[in-house]
Amino acid sequence: MRKVDVIIVGASLAAAAAAKRLTDAGLETVVLERKALPRHKICSGILSPRGHRFLLENFGPLPREALHEPTACRGVTFHFPSMVSLSMDFFGGTTPHLHRKYSDHWAIKQSRAEVHDETSFAGLEDRGDHVLVHARKHGEPLEYRARWVIGADGPSSLVTRAVYPDYPKQIPWFFVGQKFHDIIDCPLSPEYFHFWFHPGLGHYTWSHARDGRQIVGVGFKRGDNFAAKHANVVNYLSEKHGVKLKEHTDDEGCAENFGPSLINRYVFGKGNVLITGQAAGFLNMIGEGKSCALHSGAISGEAVVEARLRNRPVQELYRRMIASEVRRTSDQWNPLKIAFDRPHEADFPAALMALPWRERGLVLRDMWRFVVLYKEFKWGRQIASAALQRPLIGGYSMMKWQ
Ligand SMILES: Cc1cc2nc3c(=O)[nH]c(=O)nc-3n(C[C@H](O)[C@H](O)[C@H](O)COP(=O)(O)OP(=O)(O)OC[C@H]3O[C@@H](n4cnc5c(N)ncnc54)[C@H](O)[C@@H]3O)c2cc1C
């Protein structure tokens, strides 16, 4: 049985950030990844300026192979049913358009942790002074003994399920799917990520250019029909925006734990097991999850380093240290922060104020109608009350961290 200081589950961005902190401090760290590396990861690849800064500061400049075409993104364009469109540039200029298969592999290599790919986490036993980790490689069982374990295994995290068996029943689950189309004619600017606030299209509707094709994506509550939702969006883009696409050539989709950061249902682990990244619930508004995965991952690594140095329980340290990232992520959803502060990395209030009065009114009306859409599913009241109570009662006492 292999004995190490830390096992990290998942070889993505949260894992790379955690691993970097641990190897820098001299801790023996092994990363388990269920897929063969470099592995595919479904993602638009849009990187926030904060995520970009983290990569540069911690891992250096990105290699060219880690980028899709177009290689950079200027910002986000919101589209509304009233046919007003609002383009917002990222603060500080364009950011790289990540090809996750190669960017994530590059980041994990830069962390200098030892990586065991094609090795799936299967379960754990926290014995107090160490954790026994059960895994499988090519169907064969494997065991590791670690002082600490970090679960950085994404939205459908098995580490989270091992620690909180009921968690999957406690949060809303969505399906997001995207189809890739060859382009006949596309007036949507390839420099921006496009997002529709349109109740008739779904909870989460997006499109952007990638490697000469156009992606059309939809997010909806689990159980709805992907093909029908997608066809509805393609027709809408054709009729309203003049986007003419050929039949899709590829498609893909996955389950997403979209919403825990909105309703303050983060999970951070128990005993010697920490949970981080999207597995913990970190996801920014409009589904940007890389920057908070990187930062929360780094904090989980730092918490372990501190726990070892000061001989203190790691959970106490992690929960104290992670509070800043929780606040930052939850602020993204806070209506008062959006109206009067700058919780996002593109200037929505400035773009709104640049519109004529009438269009400004239409945008606010359309956004309100979009939020009302949430009444359709059972988490609606909870989401609405969390979003409203947070600013009203001064904030974060409403958190339901586990
Ligand atoms: C369609 C779509 C588009 C998106 N677009 C964007 C975007 O443009 N910008 C953005 O910032 N975010 C985007 N996101 C969100 C972003 O991809 C995630 O928030 C981010 O990747 C989370 O990082 P992570 O390191 O926490 O986990 P993940 O990136 O999910 O990585 C988890 C890793 O754990 C591995 N793993 C899982 N289970 C096991 C196991 N049992 N054993 C071993 N390994 C395991 C997985 O293979 C994977 O490598 C998008 C998500 C989707 C679905």
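Throughout what follows, the structure given in this document is the object of discussion. (Residues numbered from 1 in each chain as written. Predicted model: local features only at pLDDT ≥ 70, side-chain atom pairs only at ≥ 80, totals over all residues. Heavy atoms only, no water.)

### Structural notes on the packing of helix H1 (residues 13-24) against helix H2 (residues 49-59)
Contact geometry of H1 with H2 gives a least axis separation of 12 Å together with a crossing angle of 35°. Two packed elements cross with a definite hand, and for H1 against H2 that hand is left-handed. Seen from H1, the contacting residues are Ala16, Ala17, Lys20 and Arg21; seen from H2, they are Phe54, Asn58 and Phe59. Among the residues forming the contact of H1 with H2, the class breakdown is four nonpolar, one polar and two charged. (Axes fitted to C-alpha atoms, helices over the stretch in contact; angles between N-to-C directions. Helix = DSSP H or I, 4+ residues; strand = E, 2+ residues; numbered from the N terminus. Left-handed = near helix turned anticlockwise from the far one by under 90°. Contact = heavy atoms within 4.5 Å. Nonpolar A, V, L, I, M, F, W, Y, C, P; charged D, E, K, R; others polar.)

### Quick word on the side chain of threonine 160
For threonine 160, the location among the structural elements is in helix H4 (residues 158-163). Beyond its immediate stretch of four places on either side in the chain, threonine 160 contacts Tyr167, Val267, Ile275 and Ala279.

### What to know about unusual backbone geometry
Looking along the chain, the bond that leaves leucine 37 and enters proline 38 is cis, with omega of 0°. Here proline 38 shows up in the loop between strand S2 (29-32) and H2. Going from glutamate 69 to proline 70, the amide bond is cis rather than trans, its omega being -5°.

### A short note on the pattern of salt bridges
Counted according to the given criterion, the structure contains 20 salt bridges. Linking glutamate 316 and arginine 320 is a salt bridge whose minimum nitrogen-to-oxygen distance equals 3.5 Å. Of this pair, glutamate 316 and arginine 320 both sit in helix H8 (residues 314-331), four residues apart, which is roughly one turn of the helix. Judged by relative accessible area, glutamate 316 falls into the partly exposed class, the value being 35%. Owing to a relative accessible area of 49%, arginine 320 belongs among the partly exposed residues under this scheme. Taken together, the shared-partner salt bridges in this structure form one network comprising Arg2, Glu28 and Glu114. (Salt bridge = Lys/Arg side-chain N within 4 Å of Asp/Glu carboxyl O. Buried < 20%, exposed > 50% of the residue type's maximum accessible area, 1.4 Å probe, protein only.)

### Concerning the pairing of strand S9 (residues 131-137)
In this sheet, S9 lies alongside strand S8 (residues 119-126) in antiparallel orientation, the contact comprising seven bridges. Its bridge partner being in S9, threonine 119 is matched across the sheet by lysine 137. Count of turn residues in the S8/S9 antiparallel hairpin: four residues, of which glycine 128 carries a positive phi of about 95°. A loop of two residues connects S9 with strand S10 (residues 140-151), the two strands running antiparallel in sequence, and histidine 138 in this loop sits at a positive phi of about 50°. (Pairing = 2+ DSSP bridges.)

### Considerations on the sheet that holds strand S4 (residues 75-79)
The strand order across the open sheet built from seven strands is S5-S4-S12-S13-S14-S11-S15, with neighbouring strands paired in mixed fashion. Looking at strand neighbours, the two that pair on one side only are strand S5 (85-89) and strand S15 (244-256), the edges of this open sheet. Pairwise comparison of adjacent strand axes, ignoring direction, gives a mean angle of 20° for this sheet. As paired strands, strand S13 (residues 204-210) and strand S14 (residues 213-221) are joined by seven bridges and run antiparallel to one another. Within S14, the position partnered with tryptophan 206 by the bridge is glycine 217. Taken strand by strand, helix H6 (residues 226-241) contacts S4, S5, strand S11 (174-185), strand S12 (192-196), S13, S14 and S15, and its axis lies near 125° from that of S14.

### Some thoughts on H1
Between the first and last C-alpha of H1 there are 16 Å, a value that for 12 residues agrees with the 16 Å anticipated at 1.5 Å per step. Of all the 12 residues making up H1, 11 are buried; the element is thus mostly covered by neighbouring parts of the structure. Along H1, the residues classified as buried are Leu13, Ala14, Ala15, Ala16, Ala17, Ala18, Ala19, Lys20, Arg21, Leu22 and Thr23. In this structure, the buried side of H1 is in contact with strand S1 (2-9), S2, H2, helix H3 (100-110), S10 and helix H7 (290-310). (Expected span 1.5 Å × (residues − 1).)

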